Amino acid sequence: MSTVTAYAATSATDPLSKTTITRRDVGPHDVAFDIHFAGICHSDIHTVRAEWGQVKYPIVPGHEIAGIVTEVGSDVTKYKVGDRVGVGCFVDSCRECESCIAGEEQYCTGIGMVGTYNGVGRDGQPTQGGYSGAIVVDEKYVLDIPDAISLDAAAPLLCAGITTYSPLHHWNAGPGKKVAVIGLGGLGHLAVKIAVAMGAEVTVLSQSLKKMEDGLRLGATDYRATSDRDTFTELQGRFDLILNTVSANLELADYLKLLKRDGTLVELGMPENPMEVPAGALVFGRRSIAGSLIGGIAETQEMLDFCAEHGVAPEIEVINPDYINEAYERVLASDVRYRFVIDISTI
Ligand SMILES: [Zn+2]
Ligand SMILES: [Zn+2]
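Criteria and cut-off values
- Residues numbered from 1 in each chain as written.
- Chains lettered and ligands numbered in written order.
- Predicted model: local features only at pLDDT ≥ 70, side-chain atom pairs only at ≥ 80, totals over all residues.
- Heavy atoms only, no water.
- Helix = DSSP H or I, 4+ residues; strand = E, 2+ residues; numbered from the N terminus.
- Donors = N, O, S within 2.8 Å, 3.2 Å for Na, K, Ca; no water.
- Buried < 20%, exposed > 50% of the residue type's maximum accessible area, 1.4 Å probe, protein only.
- Tetrahedral: all angles 85-135°; square planar, octahedral: opposite > 155°, others 65-115°.
- 1 Å grid on protein atoms, 1.4 Å probe; cavity = no way out; pocket = protein on both sides within 12 Å on 5 of 7 lines; lining within 4 Å.
- Points joined across faces, edges and corners; volume = space filled by probe spheres on them.
- Nonpolar A, V, L, I, M, F, W, Y, C, P; charged D, E, K, R; others polar.
- Pairing = 2+ DSSP bridges.

(A) View of unusual backbone geometry. In this model, Tyr-57 is joined to Pro-58 through a cis peptide bond whose omega is -5°. Secondary-structure assignment places Pro-58 in the loop between helix H1 (42-48) and strand S4 (65-72). In this model, Arg-337 is joined to Tyr-338 through a cis peptide bond whose omega is -5°. With respect to the helices, strands and loops of the structure, Tyr-338 is situated in the loop between helix H10 (324-332) and strand S17 (339-343). Its identity as a non-glycine residue notwithstanding, Asn-118 has a phi of 65°, on the positive side. Along the chain, the position of Asn-118 falls in the loop between strand S7 (114-115) and strand S8 (134-138).

And the structure:
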């Protein structure tokens, strides 16, 4: 085992603080790497504050992890020392169920995907995430970061990037398709960039027009305020696909009517309350409402390669680890354009 420095939460209410954790010895199929950058995802905050269920403290969050390989196990074939690699939201799964075999490990029906943090590894130990100096992960769950993407920008792609790429890909966003993105935050700004790179025509639906300049700069061709009732009359029947990147309960009757016949509204977040779905808005127009959770390992690699090829990268604010607690408050206040990334070299 090795000891590494980390930032951990020790309770649901205390701020994160500096500590040390252990990482397992490098097994035959393992890759060990020094973490250079870790993104801050809204899920990190929900989890450490026990808003999504029980947590075993101390917990080290972080599932947008990028770094450089320092050691590989004897049977590792995909990676070598010095490679630029990343890890996203999970570090293992059963590898045998239909979902795992299909490369959709995030929907594993065996043991379920093993979270990068707040999960339990095969060694029976709690998994600990990316706000730490190094990590050891089975090579099957490690991603290759293309040279064209800097390591700090790569980190947010591993959760926010794949969370938006997967549904865009699954529902065939591309030339001739009209896509709306609800919310221009960490997820939303990447959804816009990726959908535009896929060739779709993109509209941002935001509460206000405050970030309109940014939205248009990122490639959206239209930007509307949802606080303006005219938005919902003017855009009726407009979209093939709507991605909801905001974890808030929407007035679904309004949003579903923005879809064309056979259009789909995809929920990417988890609103606190059950959704009220007016059946009429689905029946008239054969519309669908769906959900989507991150993406599998193969698709995450495809997303990284796509972003490298199309020059897609998140807009980030790089911070030092001692700023994590302030960064959390700013994430909760939507005061970040558009993702915090922790520079782990200063940990
Ligand atoms: Zn995340
Ligand atoms: Zn499985």
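(B) How the structure looks around the coordination of the zinc ion (ligand 1). Bound to the zinc ion (ligand 1) are the protein donor atoms Cys-41 (SG), His-63 (NE2) and Cys-159 (SG), situated 2.0 to 2.2 Å from the metal. Mapping the donors of the zinc ion (ligand 1) onto the primary sequence gives the spacing C-x21-H-x95-C. Highlighted residues: His-63 in the loop between H1 and S4 and Cys-159 in helix H3 (residues 151-170), separated in sequence by 96 residues. Considered together, His-63 and Cys-159 belong to a single accessibility category, that of buried residues.

(C) Representation of the coordination of the zinc ion (ligand 2). Taken together, Cys-94 (SG), Cys-97 (SG), Cys-100 (SG) and Cys-108 (SG) make up the protein donors of the zinc ion (ligand 2), found 2.3 to 2.4 Å from the metal. What the four donor atoms of the zinc ion (ligand 2) show is an angle range of 103 to 117° at the metal, which sorts the shape as tetrahedral. Written as a sequence motif, the donor residues of the zinc ion (ligand 2) are C-x2-C-x2-C-x7-C.

(D) Structural view of empty space enclosed by the protein. Enumeration according to the criterion identifies one cavity of 30 Å³ or more in this entry. Quantified by volume, the largest cavity comes out at close to 60 Å³. Taken together, Gly-88, Cys-89, Phe-90, Leu-143, Leu-158, Ile-162, Ile-294, Gly-295, Gly-296, Ile-297 and Thr-300 form the lining of the largest cavity. The residue inventory of the lining of the largest cavity, partitioned by class, reads seven nonpolar, four polar and no charged.

(E) Geometry of the pairing of S8. Counting buried residues along S8, five of its five residues qualify, which places the element largely inside the surrounding structure. Side-chain alternation along S8 places Ala-134, Val-136 and Asp-138 on one buried face and Ile-135 and Val-137 on a second face that is also buried. Alignment of strand S3 (residues 30-39) against S8, held across five bridges, turns out to be antiparallel. From the neighbouring strand, Val-31 faces S8, where its bridge partner is Val-137.

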